[in-house]
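# What the coordinates show
In case you want the letters, here they are:
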Amino acid sequence: MSLSPAMSLGPGASVAVRVCAVGLRPEVPVVRLWGLLGERRSEYVRLRREIQAAAAGPRPAAAPGAGEPVAGGAELCTGDMGLVEVVGLWYRCCVVSRHGQQYRVFLLDEGCTVVTSARYLARGCKELFHLPPEVLGCVVADVVPPGGPGMAVSGDVGASTWTVEAMEFFSYLHGKEVLGLVQKVVTPQLIVLELPQLVAQMHQLGLARQVSSSLFCQVLRRCLTHSHFRNVLKMEPPACSPVTSAVPQLRQVTQADYFYPQLQLGVTEPVLVTHVSDPHHIYCQLQSLSQEILCLSDTMCRACDWWEQDLLPQVGSPCAARGIDGQWYRALVLELIAGEQDQQVALVIFVDYGRKETVTRANLRHLPVECLRMPVVTYPCALQGISDGGCGWSPSQIEELKALVLGKAVSAHLKAFNCYEHLYYVSLYGENGVNLNHLFGVQTCCLVSSHMQVSQTEAQKDLASAPGAGVHLELGVFHDVQVSHLRDPSEFWLQLHEHRQLLKQLRQSMWNFYSHAPKLDGSGWDLQPGSLCVSRKEGVFCRAVITRLLDSEVEIHLVDTGNMETVGRSAVKELLPRFRELPALALKSCLVGVSPLGGSWSEVSVSAFREIVLNKGLKVRFLSAQGDKYMVEILDQSQLGEKSVGKLMVQRGYAEYQKCEVPETLQKSSDKGVSQTSSPAHAGKENQVNAEKRHREESDLEVGSTVNVVVSYVESPGYFWCQLSRNCHDLNVLMAEIQEYCENSSNPCAWPDSVCLAQYSEDAQWYRALITSETPSAEKVEVLYVDYGNREQVSLTNLRSTNKRFLELEAQAFRCSLYNLILPNGQDPFAWDEAAIEAFQEFVDTSSSQLELKCTIFALASIKDKELFNIVDLMTPFQSACQFLTERGVARPLSPQKPLVSSVQLHSYYYSMHGIKIGSEEDVFITHVEDPWTFYCQLERCADVLAQLMDNIDRLSETMTSLTTLQKSGSLCLAKYTDNCWYRGLITKTKPNTEVFFVDFGNTETIEKDHLLPLPSDACDILLLPMQAIKCSLADISNVPREATTWFKQAVLERQLKVNDFMIGNLLLNMKCIFKT
């Protein structure tokens, strides 16, 4: 008898195991793996030949024939050994589960499971089972559930259990090769294997706890002596999938019996984009194996007629499926759809292409084991640096992405891996080195941070448009400018000082790109008059528009300076959309009030004008726009006496006076003087709660939304401030303008103006601020830095009056808190100890430097109706702040929410995802439908909660009287619906009629004043229950005609349905469902 694989291994031996199966149950504190060691050995090759020779053909296990290799006539049961025929070959197997005549068996020498029927099973003679299974069993050493190894001390083996997240993590080991050291040989088929890197990663993520080897040996010994756990740890694989009860089904089956090689991060792989669902769910196939995949499909097409049809396909089983194109592909069964026996259909995913189709059972076949040996090299990916901003992906955005990458060969740079969603975050590059992520983000306005963005609509305008090409200028206001190019006083180009930093950043970005993209030359695109291009001039890349084609040259107009040049065709390159976003910065202008002597400008007059205006800073007032020019008045502050350039030209005999009609709206401002600073837009203090509510409306900060953020200031987990990532560039540009303004301005802040610019003590930089002191004290005031959230005492000498243009961007910081989601370890819900503060700061610093940080808003509250704050949780693709702090032991979990302290008032109901996981299946009731992209449902499992809520509302409504005063928009209330029942509501509008959004159903209705009741702050059972209506959208649906929308409403409204395949954008928001009825 041959030695088992483990007998040739001793403690300390190095082992490489390719994982075939994972055995993990919540109640069992140790983890089992099954894997293959290296190449198949010769004795197992001989055994396979013996099995084929002994098998006479397919025989049912219940009725063996005389010539079969059988030991008896009894039916095979769970745990029995036997033989199974798969595509004409027999294999040794162990029965994992049975449902009638359908079996799921584990191939002992292959390390995978297959679904079969009794017709293809037989009992093998004892001689065929003398060799142990070629698949080796391993126990992962020195790792126990995160609850700790309490069982080792107390004797209670089941004292702690594995979490769902840990079970998900282990399920991704399937098909991977792990390297480790043998710690101990327990039995000939079981070793204890040290996997230090895996264990350390799980410990760091809080999914497991690392213990000493001696303590782990005690845990393992108790498991092996405990009868229940001994049965679980026997040689055979578990009788059911180890993650079936805890892990969503889609997550389970996407890794079923195929081998997915893991990709190395930080490298660039040539790929073919095979399927696009949205920017965060695209499928990329390795080009290096694309030809082999095509050959495999061709082979399947030729051989499928001889394959047996699966009489009852199982969810999660690999199969061969024929697509709508008539080709056969490797697939996984995702869902069975009810129907007659011969009409049943299944939803499958083609694993080599990523797309899903519904196929009939006639187009399903068993997949031969040989087809499983070809690895799956098509990976689900997400575009790095692209975000839907919490609004979901529009059909037009998805179509843009498909047109850009679908079916095309590109290069994918692997940035990161999300183990929860099993996604690779990638940056895609075209053949000419173009960053397709950036290109798509610019075209569809979904970059995480918008670079040099003036406005969403202006980004689509042509740079050659005039005047200003999207630059907004307030007529009648003086601007600091410089003349960039001139022909004469009737035609010259101006650059605003406020655009200097933008232009500098643009040119740096173009240099970074074009200096490293030598292939992107003029030969690769069609040169036409009007085409936008880039040309290198004196080491600087400049944007231009082609005005004329010559023999070997082109004439171009530089849109950011105004001058014309003639260059060789090879000197121009295509201007990519990412660099068209900023409008043309050279403003074509004409000097008003003068006209040339003799009808045309002489060279002497042009030279005099050039000498006055070039190479200096000027003050210009834009009076009007005529055609492609601005009519301007220019003042030269460096001149002694007369400062108007037009008057100087007339006085010196270079021009003659021409009457200019100034628009009436500008006449009053002409006498104010150019040095006057615009007064603040908000001279008096605005109530902070109202101001912050207005800010929320402008920033789309809705309860239930998930937004990308930067944490700008932290005091504690209960008091911190965030900024929206998408506005960071706009803020940086504004900060640069403020620094330049304050360097050249000494205008003090006029008390009691509350809006000002303040110099921060730590970096001596100037920031927008709000004076919060009631009166100045000791020549100092307290200010709040509105873009960051921190406060400090500032000397009056370090305050400046602001400029109106600095107030156009709303305050960027919004206050946040983890209040009432988790609790500090002490009694005071607002008092966090130093350990908790340090842990929270560590989470923020680590996440901000390495990952995209998201913020989900669960509720809106205030303290004593003065300071508005958002109850939020921060999260990365891998962990949330609340989870991080509770696992660190510096905070306590809290569910459901506790009653609020008396100083806190709610301004919204709580938001919740009700424990829905990606890939889960739910029974729901559709309560309101607007269209296929916006409808609301309630979870069937929450019916009792909703019924109890209605009872509580009924009791409360009997003790209340109708509102005597009209409530403000945003107030919480109870509203009577047309069925004369009271429901929770949120007032969304008060004029001309009061409209109420019913938060547990999703509809908005007009309600009479006497049908509204106030909601008391002490009604905790009503206030704190999360909103029951879940906002949904159908997945993979693009343009739908009006008739289809009407049909959809009639088909699903007020019906109980089953939904599955949840895809939760930004981890928690924009849930999309696929309906199965």
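To be clear, the structure that these remarks concern was listed above.
Residues numbered from 1 in each chain as written. Predicted model: local features only at pLDDT ≥ 70, side-chain atom pairs only at ≥ 80, totals over all residues. Heavy atoms only, no water.

### Side note on the overall build of the chain
As a reminder, the rule being used: Only DSSP runs of H or I with at least four residues qualify as helices, and only runs of E with at least two residues qualify as strands; both kinds are numbered from the N terminus onward. For each residue, the accessible area found with a 1.4 Å probe, counting protein chains only, is set against the maximum for its type, and the residue is called buried under 20%, exposed over 50%, and partly exposed in between. Between two residues, a contact is recorded if the distance between any of their heavy atoms is within 4.5 Å. Values of accessible area rely on a 1.4 Å probe in the Shrake-Rupley scheme; residue burial ignores everything except the protein chains shown.
When helices and strands are tallied, the chain shows 22 helices and 57 strands. Taken over 1077 residues, the chain has a buried fraction of 53%. Counting contacts in the chain only where the partners sit at least 6 residues apart, residues at least 24 apart contribute 68% of the total. With the model as given, the accessible surface of the chain reaches about 47,600 Å², and the carbon-plus-sulfur share is 50%.

### Notes on the packing of helix α12 (residues 500-514) against helix α17 (residues 728-743)
Rule in force here: Axis lines are fitted to C-alpha atoms, over the contacting stretch for helices. Their N-to-C directions set the angle, which ranges from 0 to 180 degrees. Should an angle fall under 35 degrees it is taken as roughly parallel, and over 145 as roughly antiparallel, whereas 65 to 115 is taken as roughly perpendicular and any remaining angle as oblique. Polar here means any residue other than Ala, Val, Leu, Ile, Met, Phe, Trp, Tyr, Cys and Pro, which are nonpolar, and Asp, Glu, Lys and Arg, which are charged; Gly is therefore polar.
Taken N-terminus to C-terminus, the directions of α12 and α17 make an angle of 130°; their axes are 9 Å apart at the nearest point. Regarding the angle of α12 to α17, the classification is oblique. Along its contact with α12, which presents R500, Q501, L502 and Q505, the element α17 presents H729, V733, A736 and E740. Residue composition of the contact of α12 with α17, by class: three nonpolar, three polar and two charged.

### Examining helix α22 (residues 1042-1052)
Applied cut-off: Picture the helix axis, draw a direction to every C-beta atom, and the arc is the one those directions span.
Those residues of α22 that fall on the buried side of the exposure criterion are T1045, F1048, A1051 and V1052. End-on view of α22: buried residues confined to an arc of 130°, all on one side of the axis. More than 90 degrees from the buried face of α22, the exposed residues found are R1042, E1043, W1047 and Q1050. In the stretch just after α22, E1054 is the one whose phi turns positive, near 55°.

### A short note on the side chain of D352
Operational definition: Residues adjacent in sequence count toward polar contacts only when both atoms are side-chain atoms; beyond that, a polar contact is any pair of N or O atoms within 3.5 Å, and within protein one must be able to donate a hydrogen and the other to accept it.
Mapping D352 onto the fold places it in the loop between β17 (345-350) and β18 (356-360). For D352, the side chain forms a polar contact with the side chain of R330, separated by 2.8 Å. When residues no more than four places from it in sequence are discounted, the contact partners of D352 are T274, Q285, I293, R330, V376 and T378.

### Some remarks on helix α10 (residues 395-405)
All of the buried residues along α10 are Q397, I398, L401, L404 and V405. Taken end-on, α10 shows its buried residues confined to a sector of 125°, consistent with a single buried face. Next to the buried residues of α10 lie β13 (268-278), β14 (281-286), β20 (378-383), β22 (423-429) and α11 (436-444). Once α10 ends, the next one or two residues include G407, with phi positive near 75°.

### Some words on the sheet that holds strand β40 (residues 791-795)
Test applied: A strand pair is defined by DSSP finding two or more bridges across the two strands.
Pairing is antiparallel across the open sheet formed by five strands, whose spatial order is β40-β39-β38-β37-β41. Bordering the open sheet on either side are β40 and β41 (799-800), each of which pairs with just one other strand. In this sheet, strand β39 (residues 780-785) lies alongside strand β38 (residues 766-771) in antiparallel orientation, the contact comprising three bridges. Paired with A769 across the two strands is Y785, which belongs to β39. Sheet contacts for α17: β37 (755-759), β38 and β41; angle to β38, the most-contacted strand, approximately 90°.

### Details of the side chain of T561
You can see T561 is positioned in the loop between β27 (553-558) and β28 (564-568). Excluding anything up to four places from it in sequence, T561 contacts S484, H485, W493, Q495, R507 and A586.

### Thoughts on the sheet that holds strand β54 (residues 1012-1014)
The antiparallel open sheet is built from five strands, whose spatial order is β53-β52-β51-β50-β54. Both edges of this open sheet fall to β53 (1004-1006) and β54, since each of them pairs with a single strand only. For this sheet, the mean angle separating the axes of adjacent strands, direction not counted, is 45°. The strands touched by helix α20 (residues 943-957) within the sheet are β50 (972-976), β51 (982-989) and β54, with β51 carrying the most contacts at an inclination of about 80°.

### What about the pairing of strand β15 (residues 318-322)?
In terms of residue burial, β15 counts as a mostly covered element, since four of its five residues are buried. Inspection of the sheet shows β15 paired to strand β19 (residues 364-365) by two bridges, in the antiparallel sense. Residue pairing in the sheet places A320 in a bridge with R365 of β19.

### A few points about unusual backbone geometry
Cis geometry marks the peptide bond from K991 to P992; its omega dihedral reads -5°. The residue N615 is not glycine, and still its phi comes out positive at about 60°. In this fold, N615 is placed in the loop between α13 (603-613) and β32 (618-626). Even without a glycine there, the phi angle at N980 is positive, about 65°. Topologically, N980 is positioned in the loop between β50 and β51.

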